[in-house]
Amino acid sequence: MNYRYATAADVLRFYSERPPQTLRAIIVVQGDEPVPIVGLANEGGFGKLFSEYKPQLKGRLRRMAVLRAIKLAMRFVERCPLPVVAITQPGEPDSPRLLERLGFEFYQSSDDGDIYKWLG
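Just so we're clear, the structure is a prediction, and the values are computed from it rather than from any experiment.

Let's talk about unusual backbone geometry
So, step 1. The phi dihedral of S16 is positive, around 70°, even though this residue is not glycine.
So, step 2. Residue placement: S16 occurs in the loop between α1 (8-15) and β2 (22-30).

So, a positive patch on the surface
So, step 1. On the surface, a cluster of positive charge is made up of R68, K71, R75 and R79.
So, step 2. The exposure class assigned to R79 is exposed, which follows from its relative accessible area of 64%.

Focus: the environment of R13
So, step 1. Here R13 shows up in helix α1.
So, step 2. In this structure, the C-alpha to C-alpha distance between R13 and P34, residues 21 residues apart in sequence, is 7.6 Å.
So, step 3. Setting aside residues up to four positions removed in sequence, R13 forms contacts with D32, E33 and P34.
So, step 4. Of note is the side chain of R13, whose polar atom sits 2.7 Å from the backbone oxygen of D32.

Thresholds, definitions, all that
- Residues numbered from 1 in each chain as written.
- Predicted model: local features only at pLDDT ≥ 70, side-chain atom pairs only at ≥ 80, totals over all residues.
- Heavy atoms only, no water.
- Helix = DSSP H or I, 4+ residues; strand = E, 2+ residues; numbered from the N terminus.
- Patch = residues over 30% accessible without salt bridge, like charges linked within 9 Å, V, L, I, M, F, W, Y side chains within 5 Å.
- Areas by Shrake-Rupley, 256 points an atom, 1.4 Å probe, with all protein chains shown as cover.
- Salt bridge = Lys/Arg side-chain N within 4 Å of Asp/Glu carboxyl O.
- Lys, Arg positive; Asp, Glu negative; His and termini not counted.
- Charge placed at Lys NZ, Arg CZ, Asp CG, Glu CD.
- Buried < 20%, exposed > 50% of the residue type's maximum accessible area, 1.4 Å probe, protein only.
- Contact = heavy atoms within 4.5 Å.
- Polar contact = N/O pair within 3.5 Å; in protein donor to acceptor, adjacent residues only side chain to side chain.

If you want it as structure tokens, here you go:
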């Protein structure tokens, strides 16, 4: 597994369509296949830290390449002039703990998951 800054082609290949937001992201590839993507989406008045992964990566999210990609994506968060949030995924019980380790704090609950705000 290797990681790198995501290109427009990487994002299109991962999602099969162009996302509506402007993104800055890190992609991790396994062979030639993008498996997780992590980055910062511009949501208008705020930034949103996001991450998604393909099913074949389930159970292997603690690989060094993935952890380094997360660390690199956090540079986007640290440099963002806007407030930054992240939303936990209900099916991912480790989401809150990871966000808190990265410097986020619980803000409020929502129908999509708990919202965390960046304290940096």
